[in-house]
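Listed below, chain by chain, are the residues.
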Amino acid sequence: MKDRLLKLRLLKYFLLNFWYPEMEVNINSKERMSPAPKYITDVDVLALFPDITGDLRLYLGDCKTLKNQSPIARVLWMKGLLEYMKADRGLILLSKEIEKEHQLSAFHLKVQLFTDKDFEVYSKNTTDYLLEINAALELEDNWLEFATAPKKFPPLTGLFEYGRTIFWNEDNSRQQLRSGIHQLRISRRELNPATPLHQALVLNHLSLVAVALNNIIVHIFHKYLLPDTKEDLDRELKIFIYGGIENYHLLNELRKRIALPSTEEKDLELPQWNSFLELIRTSLEKPLAFNLVPLLLKEIAFSLLPTAPKAYNYANLIVKKNPFIKTYAIRYTEYMCDAGGLPPEFKELFVNKLHSIS
Amino acid sequence: MQPTKSIFIMNFEDSASKCHDIQVSLDGREVPDFELIPKVGMMVNLALHIRGLATIDYVQLRLVASHYFGIPTFIFKDIINSLAEVEFVSLYTHGKTVKSVTPKVPYFDSVYAKIGEYADATGFSEPEKVALTILEKLAQSPTEKSNIYSIGAEKKILDRNVQIGIDGGYIMNERARGKDILVSPLFFSENYQLFADLAAKSGAKTIQRILTLIKDSQGWPLSLIEKTKSINGTTVTDDEIALIKRLAQDSVIKPPAITTPHAGHNYFLFPPTPGNSKLNLSNKEIYERAMALISSVRQGQLLAQRYPIKNPLWILSSLKSTGWLRPTTETKVQYQQLAIMRVGRIVDTGNGWHKFILIDTEENVRALDLAISLLSTGSIANMEIDQEARIALQKDQTYIESVVSANKLRRKEKIELDEQTTEEIDNLLLKASL
């Protein structure tokens with residue numbers, strides 16, 4: 001890992017704030033001529049933090065020794081990336097001195113520009129460093145082990161790439177949700193619940209789709225609060241998830257024309273639709289509790305990796321924040337395992353893991 | 001090069017049966033590697049269908065054989081002559097022209113064994129022996145692809161053979177838990193993905209053991225297996241019970257179930273539904289009725305509230321000879337499913353007692369016969385016959401001519417997609433960029 005110490009410090013900072021972290025994310029070109037997607041740049045570390053509505057927002061982090069570029073040039077690159085990714089804020093950590101004017105200019109562009117010394121002060125004063133966390137997510141070994149998945153299991157490259165690239169390049173939450181379920185379903189026959197790295201890959205994938213679902217739950221809650229009937233929620237969700245009523249009707253019509261006559265009576269919907277409706281309705285009771293479900297699942301995913309076993313406490317700290325987090329995580333995991341058509345041992349394992357956290 | 005001869009130890013009956021399976025599945029498709037397999041398969045198929053029929057006009061038989069069994073017209077004569085050689089038909093000829101065919105297919109000797117003997121005398125080629133051995137293995141259980149190599153034949157021949165099976169529709173290569181699993185839809189026509197998953201998880205031997213136990217005790221209730229940790233006296237492990245539970249609960253096509261106030265909702269387990277070569281589509285409903293009959297008597301035998309049935313075979317035999325069953329207080333819930341399927345009627349005899357009366361149709365009597373056969377021998381018999389083809393053979397020539405021409409028109413209709421393709425379409429729509 002290049003600039004690893006800076007990245008790990010930033011990662012720890014995100015974890016202390018209970019923000020959902022990701023490392024080494026690839027950014028694709030939004031328009032392309034070539035048949036395969038092209039990476040145009042990458043982000044070293046990023047986090048998702050909840051805004052006042054509960055929506056999880058992007059916070060981009062860049063860690064560089066930066067020998068041949070001025071700090072402000074890097075800030076301008078970051079500003080462009082914030083626009084491109086619809087991200088709120090960015091942070092650049094440099095292991096060299098920075099001219100004050102560069103730092104002040106960065107502030108106007110919603111980018112925080114810090115030396116590692118500055119960051120030490122900033123991070124200590126903006127988070128609780130007295131909190132002792134032992135997180136699977138803070139260990140470099142776990143991230144490195146996780147990244148071996150495509151090499152060890154080439155048929156699972158798609159699932160891995162989804163987490164590193166596709167998810168972050170989708171335009172909106174509804175597309176992230178649909179493509180996340182799609183990816184799980186096309187990878188399911190390659191997944192062996194007896195392999196720890198497969199377990200981690202699946203649960204990490206579930207944690208990402210939970211980010212999308214969190215934002216959908218928040219959206220629905222703010223628009224309709226608590227829907228009166230199942231039919232109301234059913235209609236609103238179908239229209240929202242498939243990108244508007246026109247798109248929904250078009251896809252539904254297309255499907256009915258090409259699918260089996262027996263499926264003609266059934267409208268287009270996500271797999272296990274009734275369970276999905278129940279999950280959303282339940283989550284609307286305490287929508288903000290869903291915020292931490294993705295982080296909880298990602299932490300458990302990394303604790304499943306076959307690196308040297310350690311005693312972690314981070315998952316326990318997360319669930320202590322709100323009793324609904326664990327409940328929603330269990331309900332959501334059950335839904336996703338069924339919707340993805342995964343071998344049943346995955347659900348059993350994940351749900352047992354979640355139950356065992358106190 | 002490794003020897004392939006030593007691997008071929010199938011008996012006459014099994015080899016002819018597997019030829020028939022392959023031939024039905026190939027459905028007229030040409031495989032350059034096979035010479036005797038399609039011929040033997042065609043002989044079996046034709047013999048089974050003409051058993052017991054009156055003398056048939058040669059041209060009519062040729063048309064039916066082409067239309068229903070995919071026997072090409074140019075080799076029909078060879079097939080008929082070979083059947084004459086094994087004395088399954090006698091031919092009435094004018095010079096070199098065959099005018100009519102009189103079936104002499106025996107009822108009490110195995111059609112498969114006799115034709116298998118003929119095939120053995122003619123001699124299968126090495127690739128054909130490999131094909132039959134692979135299919136024999138896959139008839140027991142789906143298996144990991146790598147296990148096929150333990151057959152002992154040359155890898156090139158094995159790979160080619162698996163590919164022929166996939167192209168011919170009698171082998172499927174399913175991915176499950178990151179492994180290549182071979183499944184034959186001829187023996188696992190429904191829920192094949194579930195079977196592939198179970199084979200990937202537990203291995204072919206475990207599946208084979210469980211299926212043998214289920215086959216020997218058809219219609220055994222799942223709840224009783226869980227409670228006693230055994231199937232009809234044979235102990236099963238917790239892992240095997242978990243596997244059996246998945247067979248009942250995760251199947252796309254569920255096994256029959258009966259709900260009663262005293263025993264709750266119970267699934268009755270049956271071996272996998274065979275494919276078209278063993279269970280012709282026209283007989284599928286009869287098979288379903290037979291399973292429902294067995295489930296009802298198993299309910300009475302093993303999950304009765306008060307007076308259990310001692311021997312389910314006696315009950316079915318009694319139903320066959322008298323057409324009804326003695327009234328009991330449990331008849332209504334026990335036989336309700338059979339009433340829904342129009343196998344019988346439930347008559348109220350007063351004070352909560354009900355009597356079950358068989359509806360005397362040809363289908364119901366055949367279902368009853370099949371249920372008795374399944375309970376006594378564990379195997380499915382005489383269900384490979386296409387009833388429509390039998391009708392066509394017994395009507396005059398204009399009937400089959402009209403069927404053939406109607407079929408030509410039907411081919412232009414919309415192609416129906418199977419369940420798996422529909423699922424794939426739904427999956428693709430998830431990815432729409434909206």
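Residues numbered from 1 in each chain as written. Chains lettered and ligands numbered in written order. Predicted model: local features only at pLDDT ≥ 70, side-chain atom pairs only at ≥ 80, totals over all residues. Heavy atoms only, no water.

1. Considering the overall build of chain A
Now for step 1: Assigned secondary structure in chain A consists of 16 helices and 5 strands.
Now for step 2: A compact globule built from 358 residues should have a C-alpha radius of gyration of about 21 Å, and chain A, at 21 Å, falls within 12% of that.
Now for step 3: Its C-alpha atoms give chain A principal-axis dimensions of roughly 70 × 45 × 40 Å.
Now for step 4: Put simply, chain A has 358 residues, and 55% of those count as buried.
Now for step 5: At a minimum sequence separation of 6, the contacts of chain A that also span at least 24 residues come to 71%.
Now for step 6: For chain A, the distance from the average position of its 46 positive side-chain charges to the average position of its 45 negative side-chain charges is 2 Å. (Helix = DSSP H or I, 4+ residues; strand = E, 2+ residues; numbered from the N terminus. Rg over C-alpha atoms; globule rule 2.2 N^0.38 Å. Buried < 20%, exposed > 50% of the residue type's maximum accessible area, 1.4 Å probe, protein only. Contact = heavy atoms within 4.5 Å. Lys, Arg positive; Asp, Glu negative; His and termini not counted. Charge placed at Lys NZ, Arg CZ, Asp CG, Glu CD.)

2. Overview of the overall build of chain B
Now for step 1: Assigned secondary structure in chain B consists of 20 helices and 14 strands.
Now for step 2: Over its C-alpha atoms chain B spans a radius of gyration of 24 Å, differing by no more than 12% from the 22 Å that the globule rule assigns to 434 residues.
Now for step 3: Counting only C-alpha atoms and orienting by the principal axes, one finds that chain B spans roughly 75 × 55 × 50 Å.
Now for step 4: Counting 50 positive and 51 negative side-chain charges, chain B places the centres of these two groups 3 Å from one another.

3. Comments concerning the sheet that holds strand E10 (residues 257-260) of chain B
All names here are of chain B.
Now for step 1: Within the open sheet, the 3 strands sit side by side as E7-E11-E10. Their pairing is antiparallel. The sheet terminates laterally at strand E7 (220-221) and E10, the two strands that pair on one side only.
Now for step 2: Direction of pairing for E10 relative to strand E11 (residues 264-269): antiparallel, over a ladder of 4 bridges. Counted as the bridge partner of alanine 257 is tyrosine 267 from E11.
Now for step 3: Packing of helix H13 (residues 284-302) onto the sheet brings it into contact with E7, E10 and E11, and relative to E10 it is tilted by some 45°. (Pairing = 2+ DSSP bridges. Axes fitted to C-alpha atoms, helices over the stretch in contact; angles between N-to-C directions.)

4. A closer look at helix H5 (residues 111-122) of chain B
Residues and elements named next belong to chain B.
Now for step 1: Compared with the 16 Å implied by 1.5 Å per residue over 12 residues, the 17 Å span of H5 between its first and last C-alpha is a close match.
Now for step 2: Where the residues of H5 are buried, they touch helix H1 (12-26), helix H2 (36-50) and helix H4 (73-85).
Now for step 3: Where H5 begins, the capping side chain belongs to serine 110, and its oxygen is found 3.2 Å from the backbone nitrogen of tyrosine 112.
Now for step 4: After H5 finishes, the residue glycine 123 shows a positive phi value of roughly 100°. (Expected span 1.5 Å × (residues − 1). Polar contact = N/O pair within 3.5 Å; in protein donor to acceptor, adjacent residues only side chain to side chain.)

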